[in-house]
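# Overview (structure and organization)
Here is how the chains run, residue by residue.
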Amino acid sequence: MAWVHHAAMFLPALLATILRLHDPAGVPTEPPVTYVLDYGTNHLDRADWLATNRAAPPELLHLGSDVPMTSNWGPVRKIGGENVAYGMGDFTLPISPDDVAQRMTKLTEMVRALHAAGVKMVMPYVCTMTIAGHHERRAGFWSFYDRWNDYAARFDLGPRPVADPFTWLQRKPDGEIHRFYTYTGDYYPGYQPNHRYAACVNNPAWQQWMTREVAMVARCGYDGVFTDNGGSQRCYCELCQKLFRDWAQKRGLKDDNLLHAPSKTGDARYAEAQRFWLENIHSYQALLRSAAAMINPSFKMFANGGHRRPQNVKLAFADSDFIMFEKSFGPLGTHPGLADGTNVNHNIVELKFVQCLRRRVKPIILTRSGYPKSQPPFEMNKASASLGCAEMAAFGNGGGFLIRPNLPSGAEVIRRWNTFHQRHAGLLSGNDSLATVGVAYWSEQTLFSAKHMTSVTALSDMLLASHVPFDFLMEENFNEQFLSRYSAIIMPDIAHADAARLAAVAAWARAGGRLLLAGAHPADSPLLAMTGSVTRIEKLPDANILGTWLRDAAAIVDDGRPELRRVYINLFARRHPARIVAHVLNYNTPLGVDALPPAPIENISLRIPLPRGLKPRCVTAFDADTDTAQALEWKSGSETLAVTLPRLLISKMILVELSPS
Ligand SMILES: [Zn+2]
């Protein structure tokens, strides 16, 4: 087996690593936030609800359509819920300008009271694209459009757009309207007897309405807005066709006709059309932010649409403030923890991807025990809720893990993590990840095929179980300067590659870096001809083999205890003040309503790499669940620091303070 031989060559490079602390590349970490999503319909004049929030205030509270006018219907009776909820009957009846004004007053009071209760950020729901109603019967949004001028001056809506809302809609290549939503019979089931339409984010009239909508949200005192259905722009309207011609010229594309873009993956024209639409969404997010920023300069954009779409996170939402990963489906649910005694659920790939983007955006994780039906054996409990918060601190760059209002122990978990975030804000801020192993996670590969993403996920599981701290490397990171941070890089299943990026990694490998090409790789890549520093395998090896290969990069010593393979570690570092922050998490935490708390794991040996020129001064472990700090025993070698963690229940954050050696 040839790769075993190569494996032996893989090790010395890791031993020869010259680890340095860098100034953060891009945006460094911020403390996470506790996060609650509450789509209730009855939040106005509710002292009891305010008291619940005061007792355990989430740092980010995400509400439903608690807005003066809903984005999809306009000024109607409906309040709370998301897009589909309350889309029928009396809920969709119009309300008068006086009613809207009164609602704005009440919403403003509610937001002020939530802030006074300790909630830092409150953000309601809008949809980026849905129009609800009936364009022929002039119902719903059309009824509002026909009465636009009754509201325009009072709520700063601007002049009524001349073109009818039917012309604001996304179009298919044949010119028909593009609906996106599954119909049963003649109507959209949630809106019967009305329709659900999808507007084009490039349409100036739709932009006018949505900028005014978001401005109204800001005027109620909200700190930002949640924009749902953020990734569904696939419009071939005349304006989009024109904008694509400009895009094609800028990008030097041969074919500038958007109508030629196929609707399925596998073609470069498909990929380019997706890039175009994602850039449309990116601009639209910026436009909505700028409208609200005139009222509140720090107004935040919180988009949905990250799950299984890393390319959207990078190309559409990198400059938004939050991106939600709505993880509804998984055979064992999606809550973090031990699902069935053997298998671990985690959100680390999503969190690490957003962190390694090193842009403004922060991850929000929504998990479920099952969907549409919950599965009690995989339900969240107090310990797994705490693990979810610990995971956000350990692998994210800020952001929040959803604690639902109905979790019985939710208030306790929120209070506990609020305290942790506040007490350790400094330690959670200004960090960058510290890893000598890089994994290419080229999200734009998914514009061609999902294979790369699947391989990255499988590889991540192997590295986590082997306790190898790793970074995801974006396409843009493939320049020689950035790659010099790493001693080993793995490129799994790359189907398309830019020549300059391959040249950069080739130069890095010639300078001593060790490269593993796993699975597909472009046939004309210069890397294929390289020997010695480049190893190629047809398929990813199993976790044991990879663990052997990268044994010397492991930050936890594997002493054979099976439960240790479900203990995951991540390292962050900061140069000024010089420190390493290690997070150690116990994924042996059982899921399930009636699950017992996890059994503590004792005497875990950590081996933390030491940056050149620095020596440890003090090692302290912090435990969010017990709100305790403990000095740890340590022993320093020239390149590594040995630390024994006496006891791990759910999570520990370990601070290594460094000084010049
Ligand atoms: Zn369009």
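Quick summary incoming for the structure in this document.

### Observations concerning the sheet that holds strand β1 (residues 33-38)
Judged by pairing direction, the sheet is parallel, and its 9 strands sit side by side in the order β3-β2-β1-β14-β13-β10-β9-β8-β4 without closing on themselves. Edge positions in the open sheet fall to β3 (121-123) and β4 (125-127), since each of these has one partner strand only. Averaged over neighbouring strand pairs, the angle between their axes works out to 25° when direction is ignored. For β1 and strand β2 (residues 60-63), the ladder comprises 4 bridges, and the chain directions are parallel. Paired with Y35 across the bridge in β2 is L60. Packing of helix α8 (residues 268-293) onto the sheet brings it into contact with β8 (224-228) and β9 (300-304), and relative to β9 it is tilted by some 145°.

### Topic: the nonpolar core
L157, W209 and F472 are the most contacted members of the largest nonpolar core, which totals 118 residues. For this core, the element with the highest residue contribution is helix α11 (residues 382-395), accounting for 9 residues. When sequence neighbours within four positions are dropped, the list of residues in contact with L157 reads M69, F144, W148, Y151, A152, Q208, W209, R212 and M216. Formed by 30 residues, the second largest nonpolar core is a distinct cluster that contains L614, A621, V643 and L645.

### Focus: the coordination of the zinc ion
Bound to the zinc ion on the protein side are C200 (SG), C235 (SG), C237 (SG) and C240 (SG), at distances that span 2.3 to 2.4 Å. The sequence motif formed by the donor residues of the zinc ion is C-x34-C-x1-C-x2-C. Here C200, found in the loop between β7 (195-198) and α6 (204-219), pairs with C240, found in helix α7 (residues 238-251); they are 40 residues apart in sequence, far enough to count as distant. For the residue pair C200 and C240, the accessibility class agrees, reading buried in each case.

### Overview of the side chain of N83
Among the structural elements, N83 can be located in the loop between β2 and α3 (97-116). A polar atom in the side chain of N83 sits 3.1 Å from the side chain of Y125.

### A closer look at helix α10 (residues 348-357)
Within α10, 10 of the 10 residues are buried, leaving the element largely enclosed by the surrounding structure. Of all the positions in α10, only I348, V349, E350, L351, K352, F353, V354, Q355, C356 and L357 are classed as buried.

Criteria and cut-off values
Throughout this document, residue positions are counted from 1 along each chain, in the order its sequence is written. Only residues with pLDDT of 70 or above have their local features reported here, since the model is predicted, and side-chain atom pairs are shown and tallied only from 80 upward, although totals for entire chains, interfaces and linings are computed over all residues. Side-chain numbers come from the whole structure's heavy atoms, not from hydrogens or water. Strands were regarded as paired on the criterion that DSSP finds at least two bridges between them. Helix numbers and strand numbers start at the N terminus; a helix is a DSSP run of H or I with at least 4 residues, a strand a run of E with at least 2. For every element, the axis is a line fit to its C-alpha atoms; helices are fit only across the contacting stretch, and the angle between N-to-C directions ranges from 0 to 180 degrees. In what follows, residue pairs with any heavy atoms lying within 4.5 Å of each other are defined as contacts. Only buried residues count toward a nonpolar core. Its members are Ala, Val, Leu, Ile, Met, Phe, Trp, Tyr and Cys residues joined through side-chain atoms within 4.5 Å. Here the term buried applies to any residue with accessible area under 20% of the maximum for its type, exposed to any over 50%, and partly exposed to those in between, with areas from a 1.4 Å probe on protein chains only. Metal sites are built from N, O and S donor atoms within 2.8 Å, or 3.2 Å for Na, K and Ca, and they leave out water, so they may look incomplete. Throughout this description, a polar contact denotes any pair of N or O atoms lying within 3.5 Å of each other; where both atoms belong to protein, one of them has to be capable of donating a hydrogen while the other can accept it, and for residues adjacent in sequence the pair is counted only when both atoms sit in side chains.

None of the figures reported here should be taken as evidence of function without further support.
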